[in-house]
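Chain and residue survey
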Amino acid sequence: MFNCSLSMPAILLVFAAISISWPKGAMATTSPSLTPSEKQVLVSLIQGQDVDLNKARGRDNRRTKQSISARFLTALLTGSLSQVYTMPEDRRLIFGFHLPAKGVKVQNARVVGSWDMEQAVVPCEVDLEECDFTGSVKLSNTRFKSHLSFEGSHFLARSTTIDDDPLCPVALDNMDVEGDFFIDHAVFAGPVALFQSHIGGDLDATGTRFDGTVKQTLQLPKGVSISGTSDPLDPLGLNHCIADVSDCTIGGDLLLTDAVFMGPVNFSQAKIDGDLLAGKAHFLTTGLLYIRSERDLNQYSVSFRRIKVGGSAVFEQAWFLGPVSFEYAAVVCDFNVTQASFSNCHPSKPEAFGTGSFITDLRNLNIGGSALFTNAQMPPAYDLEGMSYNHIIAGDPSSGPLAFIRRAKFSADSYADLEQYFRRRGMTDQADAVFMEQKQQERSQMHRYSPAWWWSGLLYAVSGYGRRPEWALYWSLAFILYGRYLFRNKDEMMLRTDDKKVIFHEYSSFWYSFSLFVPVLDTGGWVPRPCYAFESHLLWWQLLYCRETGLLNLKCLRDEAGWREGWRRYCDCNSGLYQRWRLFYMRLHILAGWVLIPVGIASITGSIK
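Residues numbered from 1 in each chain as written. Predicted model: local features only at pLDDT ≥ 70, side-chain atom pairs only at ≥ 80, totals over all residues. Heavy atoms only, no water.

1. As for the overall build of the protein
To keep things clear, this is the line we draw: Here a helix means four or more residues in a row that DSSP labels H or I, a strand means two or more in a row labelled E, and each is numbered from the N terminus. Residue burial is assigned from relative accessible area. The probe radius is 1.4 Å, only protein chains are included, and a residue is buried under 20% of its type maximum, exposed over 50%, and partly exposed in between. In this description, contact between two residues means that some pair of their heavy atoms is separated by no more than 4.5 Å. Only the protein chains shown count as cover for residues, and the accessible areas themselves come from Shrake-Rupley with a 1.4 Å probe.
Counting its regular elements, the protein contains 13 helices and 45 strands. Burial analysis of the protein (609 residues in total) assigns 46% to the buried set. Looking at the protein alone, contacts between residues at least 24 apart form 55% of all its contacts between residues at least 6 apart. Accessible surface, the protein: about 31500 Å² in total, of which carbon and sulfur atoms supply 55%.

2. Re the packing of aromatic side chains
Note the following rule: Pairing of aromatic rings covers Phe, Tyr and Trp, the last counted by its six-membered ring, and requires centre-to-centre distances within 6.5 Å; plane angles under 30 degrees mean stacked, over 60 mean edge-to-face, and any other angle means tilted. In this scheme, Lys NZ or Arg CZ marks a charge over a ring once it lies within 6 Å of the ring centre and within 35 degrees of the ring normal.
Following the criterion strictly, the structure yields 44 aromatic pairs and no others. Aromatic pair Phe410 and Tyr415: ring centres 5.8 Å apart, planes at 40 degrees, arrangement tilted. Given the relative accessible area of 26%, Phe410 is considered partly exposed. The exposure class of Tyr415 is buried, given its relative accessible area of 1%. Residue placement shows Arg306 over the ring face of Tyr328; its charged tip is 4.6 Å from the ring centre. Over the aromatic face of Tyr485 sits the side chain of Arg488, whose NZ or CZ is 4.3 Å from the ring centroid.

3. So, the packing of helix α7 (residues 400–407) against helix α8 (residues 412–424)
Selection rule: Axes, fitted as lines to C-alpha atoms, cover a helix only where it is in contact. Angles between the N-to-C directions of the axes lie from 0 to 180 degrees. These descriptions rest on fixed angle ranges, namely under 35 degrees for roughly parallel, over 145 for roughly antiparallel, 65 to 115 for roughly perpendicular, and the rest for oblique.
At a closest axis distance of 10 Å, the pairing of α7 and α8 adopts a crossing angle of 170 degrees. With respect to their mutual orientation, α7 and α8 come out roughly antiparallel. Residues Pro401, Leu402, Ile405 and Arg406 of α7 lie in contact with α8, whose contacting residues are Ser414, Tyr415, Leu418 and Phe422.

4. Some words on the environment of Thr523
On the secondary structure map, Thr523 appears in the loop between α12 (509–517) and β45 (526–528). Classification of Thr523 as buried rests on a relative accessible area of 14%. The spacing of Thr523 and Tyr507 is 16 residues in sequence and 9.9 Å in space, taken between C-alpha atoms.

5. Points about the confidence of the model for the protein
Applied cut-off: Every residue is assigned a pLDDT by the predictor, reflecting its confidence on a scale from 0 to 100.
Considering every residue of the protein, the mean pLDDT works out to 77; 72% of them sit at 70 or more. Confidence drops under a pLDDT of 50 for residues 214–239, and excluding neighbours within four residues, the segment shows 60 contacts in the predicted structure. For residues 345–358, every residue scores under 50 in pLDDT, and the model assigns this stretch 26 contacts once sequence neighbours within four places are set aside.

6. Points about the packing of helix α10 (residues 451–463) against helix α11 (residues 469–486)
How two helices pack is summed up by the angle between their axes together with the distance between the axes. Convention followed: Ten residue types, Ala, Val, Leu, Ile, Met, Phe, Trp, Tyr, Cys and Pro, are classed as nonpolar, four, Asp, Glu, Lys and Arg, as charged, and the remainder, Gly among them, as polar.
At a minimum axis separation of 6 Å, α10 and α11 run at an interaxial angle of 80 degrees. With respect to α11, the element α10 is oriented roughly perpendicular. Counting all contacts with α10, which are made through Tyr460, Ala461, Val462 and Ser463, the residues of α11 involved are Pro469, Trp471, Ala472 and Trp475. Taken together, the residues that form the contact of α10 with α11 break down as seven nonpolar, one polar and no charged.

7. Thoughts on the nonpolar core
Definition in use: Remark: nonpolar core denotes a set of buried residues (Ala, Val, Leu, Ile, Met, Phe, Trp, Tyr, Cys) joined through side-chain atoms within 4.5 Å.
Judged by nonpolar contacts, the single largest core of 106 residues is most densely connected at Trp115, Phe181, Phe304, Phe315 and Phe373. With six residues, helix α3 (residues 70–78) is the single largest residue contributor to this core. If we skip the residues at most four places from it in the chain, Phe181 touches Leu148, Phe150, Leu172, Met175, Leu194, Ile199, Asp202, Leu203 and Asp204. Formed by 24 residues, the second largest nonpolar core is a distinct cluster that contains Met436, Phe479, Leu596 and Ile608.

8. Quick word on the pattern of salt bridges
Selection rule: Every case where a carboxyl oxygen of Asp or Glu lies within 4 Å of a side-chain nitrogen of Lys or Arg is listed as a salt bridge.
Under the defined criterion, the tally for this structure stands at 16 salt bridges. Between Lys102 and Asp50 there is a salt bridge; the shortest N-O distance is 3.7 Å. Within this pair, whereas Lys102 is found in the loop between α5 (88–94) and β4 (104–107), its partner Asp50 is found in the loop between α2 (36–46) and β1 (51–52), the two being separated by 52 residues in sequence. Residues Asp383 and Lys409 are paired through a salt bridge, measuring 3.9 Å at the closest nitrogen-oxygen approach. Placement of Asp383 in the loop between β42 (370–374) and β43 (391–395) and of Lys409 in the loop between α7 and α8 is noted, with a sequence separation of 26 residues between them. Owing to a relative accessible area of 34%, Lys409 belongs among the partly exposed residues under this scheme.

9. Quick look at the pairing of strand β5 (residues 109–112)
The condition that has to hold: Here, any two strands with at least 2 DSSP bridges between them count as paired.
Residues Ala109 and Val111 line the buried face of β5, whereas the alternating positions Arg110 and Val112 sit on a face that is not buried. Here β5 pairs with strand β9 (residues 132–133) via two bridges, running parallel. Its bridge partner lying in β9, Val111 is registered against Phe133.

10. Details of the sheet that holds strand β12 (residues 148–149)
Strand order in the open sheet made by the twelve strands is β1-β4-β8-β12-β18-β22-β26-β30-β34-β38-β42-β43, with parallel pairing throughout. Edge positions in the open sheet fall to β1 and β43, since each of these has one partner strand only. The pairing of β12 with strand β18 (residues 181–182) spans two bridges and is parallel. Along β18, the bridge assignment pairs Leu148 with Phe181. Docked against the sheet, α7 engages β42 and β43, running at close to 75 degrees with respect to β43.

11. What to know about unusual backbone geometry
Located in the positive-phi region is Asn141, a residue other than glycine, with phi close to 60 degrees. Checked against the element boundaries, Asn141 lands in the loop between β10 (137–138) and β11 (143–144). The partly exposed category is assigned to Asn141, whose relative accessible area is 39%. Phi at Asp258 is positive, roughly 65 degrees, even though this residue is not glycine. Residue placement: Asp258 occurs in the loop between β26 (254–255) and β27 (260–261).

12. Section: the sheet that holds strand β32 (residues 302–303)
Where strands meet in a sheet, backbone hydrogen bonds hold them as pairs that are either parallel or antiparallel. An order of β6-β10-β16-β20-β24-β28-β32-β36-β40 is seen for the nine strands of this open sheet, with the pairing classed as parallel. Across the chains shown, the open sheet's two edge strands, defined by having one partner strand only, are β6 (115–116) and β40 (360–361). The sheet contact formed by β32 and strand β36 (residues 324–325) spans two bridges and is parallel. Counterpart to Ser303 in the pairing with β36 is Ser325.

13. Considering α8
Test applied: By this rule the span expected of a helix is its residue count minus one, scaled by 1.5 Å. Picture the helix axis, draw a direction to every C-beta atom, and the arc is the one those directions span.
Taking 1.5 Å of rise per residue, the 13 residues of α8 would be expected to cover 18 Å, and the 18 Å separating its terminal C-alpha atoms lies within 8% of that figure. All buried positions along α8 are accounted for by Ser414, Tyr415, Leu418, Glu419, Tyr421 and Phe422. In an axial view of α8, the angular spread of the buried residues amounts to 160 degrees, which keeps them on one side of the axis. Taken from the residues just after α8, Gly426 is the one with a positive phi, measuring 70 degrees.

Next comes the structure, spelled out in structure tokens:
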């Protein structure tokens, strides 16, 4: 009895010491347990079956998605279930579980919480199809040794923060997928980061919606709507980019057919070994009204700058609302924007941009195959400087590529490339037309009425900038024939008496006009006869002068003698003016020869460039 009473204080002291040294909250901490849905996933995988968590409930037999935790999904794919779930009943189910060789396929699951698998390695195929992810998804630096599929899934997180720092809600940057990556028909409510990732196969985003964080009232195509917050600027500070695929390497094709991007997208410096297929895609830069500087333009644009495509880039029937850039992009095969629509500005407020804002940028786009712009709706201003191609089909069949180049921002490189394209195919007339159009555009850039402006206009009118030398011949014939008519009367010509050498004693109006026009020939000593009588007070009405009455009478016109007399008096009174015009034209005739003949010779020899 005594010993027992002495032992009780000792026992109490032991318990007190244990309670003091035990970590705070350890006694209240309980190990997580598997939910029925998670147990169903494990049982189905153990049996080698795919998992479908679409469950009917209620009398109306409505379908609903069963929930699994993001922690369970991480433990499942990383093989750490036994470390996370320690309850005896869970360990009996988990004991001996291994990921199936054919991979994990879960459909219609609702993943609750933030899914974080950074720097993990997943050895098998992963298919999470038609799933809803309520929290953020972080797969940065994760390696998937086979394909990864989020087909038809919804990523509902619009933003996330850690210690008040904004982060991207779907972070797939630096991710390595050795097979195909499927996000087709998925919906991303917030921004997506996929930069610097490596995809061994195809990246399939067919029919995917990238809603972003912007909501505005726009004139959208049929069947396209906008969802998102009302904040016009990105609250996350992510350069206002809803999908960042920059520096991404794709071993197969990039499939963006019917995809919808509700904001700026960045594909700059991505490398695609296959094709870029974006037919009927919609790139809707909804922040257009907030662009006020070059920096804003870069932030709000759809950027394909310096992208490299090993196959063809197809944007057939795509729609671009806002700035888009293909600057320094390289496409090995064809670049197809047939029936695509490019719009510079907000459709309801076109005054937001002037025609000087060249925000459809195709500068230095290198196309190894054909550039197909057939029936493409281009904006009022676009830039083609330095764009190269092997073949081009642009505009409608009636206008052709020249009209397409003419509507763009003036660039001598664009015209030079188109001219060389026509010359390579033996289409000399079209090439010459492009060259003359280039020169006319250059003239429009000059200061009006400057010497260069006048000289450029003269070259165009005389010889088509050297591409139409026959024009100089036509002008020369016109001058010579008019000179022949003006100097046709021998009585109005005279030999120079002070000239010791008279080459042609017999006068010929044609040879006189010809020799006067050609600088190296002599006129033979003939010159127009001067006239000293000039009665300026005699006018045209003297044609009606009646010699008999000395009065003006319309009846005198019936008198042939009176008519002749009136005409003679009129010619006599105006002979001074006529003679002065002949003397003036003689000098003009000589000057025209000095201009037209050298320009014609330079055009024939190709000296005019």
